[in-house]
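Structure at a glance
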Amino acid sequence: RKEVQESTAPDPDIVELFDHFHIDPRHLSRFSGLMDKRQETFAGDMLKLWELLEQARSPEGMLVSKMREMETGSFIGKTVPDEELMALSKKFRLDQPAESKLSDVLAKYDPERRSSYMKEVERHLETSAKPSATVMMLLKKLGEGH
């Protein structure tokens, strides 16, 4: 039986993120409000934020930047690679960072465009001695929509 939380207490996952990265509590209500509107993608969003904040020089600055992206609708949380991407990853033995970043970049596009990008990536990988490094180099082009 699931209890509906009527309290204004922030989600424990959010509190943990703030505690772990020593983020100023003044950002808590804004962040909680944004995440309340993102229930469908909450888990993926939180995973992505943990990943980004772990790598950030300033975790608080990164979080503020990502909150802005959430407000403008351009933030994409952790994506789950689909079957086509998993097959490509397995075929070329892509490492986890390459697979994850490729999945994130491709998630921005509609299925038709995504499929055409996948074919393009595969063509590059077929002639590559270092597929994961090749993917990392292609990400910028893909992210810009080239």
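The shown structure was predicted, so the numbers you read here are calculated from the model rather than taken from an experiment.

Thoughts on the overall build of the protein chain
The helix and strand tally for the protein chain stands at eight helices and zero strands. Element order for the protein chain, N to C, with α for helix and β for strand: α-α-α-α-α-α-α-α. Dimensions of the protein chain along its principal axes, counting C-alpha atoms only, are 55 × 35 × 25 Å. Considering the protein chain as a whole, with its 146 residues, one finds that 40% of them fall into the buried category. Long-range pairs, those at least 24 residues apart, make up 64% of the contacts in the protein chain between residues at least 6 apart in sequence. For the protein chain, the accessible area works out to roughly 9500 Å², and carbon and sulfur atoms hold 53% of it.

Points about helix 4 (residues 59-72)
The terminal C-alpha atoms of helix 4 lie 20 Å apart, and with 14 residues this matches the ideal 20 Å at 1.5 Å per residue to within 8%. When we look at burial in helix 4, the residues that qualify are Pro59, Leu63, Val64, Lys66, Met67 and Met70. The buried side chains of helix 4 occupy one side of the element, clustering within an arc of 165° when seen end-on. Its buried side turned inward, helix 4 meets helix 1 (12-20), helix 2 (28-36) and helix 3 (42-55). Residue Gly73 follows helix 4 closely and has a positive phi angle near 80°.

Observations regarding the nonpolar core
Where a protein is soluble and globular, its nonpolar side chains tend to be buried together. Among the nonpolar cores identified, the biggest contains 18 residues, and Phe31, Met46 and Leu63 are the most heavily contacted of them. Elements with a contribution of two residues or more to this core: helix 1, helix 2, helix 3 and helix 4. Counting residues per element, this core draws most heavily on helix 3, at five residues. Setting aside residues no more than four positions away along its own chain, Phe31 makes contact with Ile14, Leu17, Phe18, Met46, Leu49, Leu63, Met67 and Met70.

With respect to the packing of aromatic side chains
Enumeration according to the criterion identifies three aromatic pairs in this entry. Relative to Tyr117, the ring of Tyr109 lies with its centre 4.9 Å away and its plane at 65°, an arrangement referred to as edge-to-face. Like Tyr117, Tyr109 is buried.

Section: unusual backbone geometry
The backbone of His22 shows a phi angle near 50°, a positive value even though the residue is not glycine. His22 gets classed as exposed once you look at its relative accessible area, which sits at 69%. Not every positive phi belongs to a glycine, and Arg93 is a case in point at roughly 50°. Position of Arg93 among the secondary structure elements: in the loop between helix 5 (83-91) and helix 6 (96-106).

The rules behind the values
- Residues numbered from 1 in each chain as written.
- Predicted model: local features only at pLDDT ≥ 70, side-chain atom pairs only at ≥ 80, totals over all residues.
- Heavy atoms only, no water.
- Helix = DSSP H or I, 4+ residues; strand = E, 2+ residues; numbered from the N terminus.
- Buried < 20%, exposed > 50% of the residue type's maximum accessible area, 1.4 Å probe, protein only.
- Contact = heavy atoms within 4.5 Å.
- Areas by Shrake-Rupley, 256 points an atom, 1.4 Å probe, with all protein chains shown as cover.
- Expected span 1.5 Å × (residues − 1).
- Arc of directions from axis to C-beta.
- Core = buried A, V, L, I, M, F, W, Y, C linked by side-chain atoms within 4.5 Å.
- Phe/Tyr/Trp six-rings, centres within 6.5 Å; stacked < 30°, edge-to-face > 60°.

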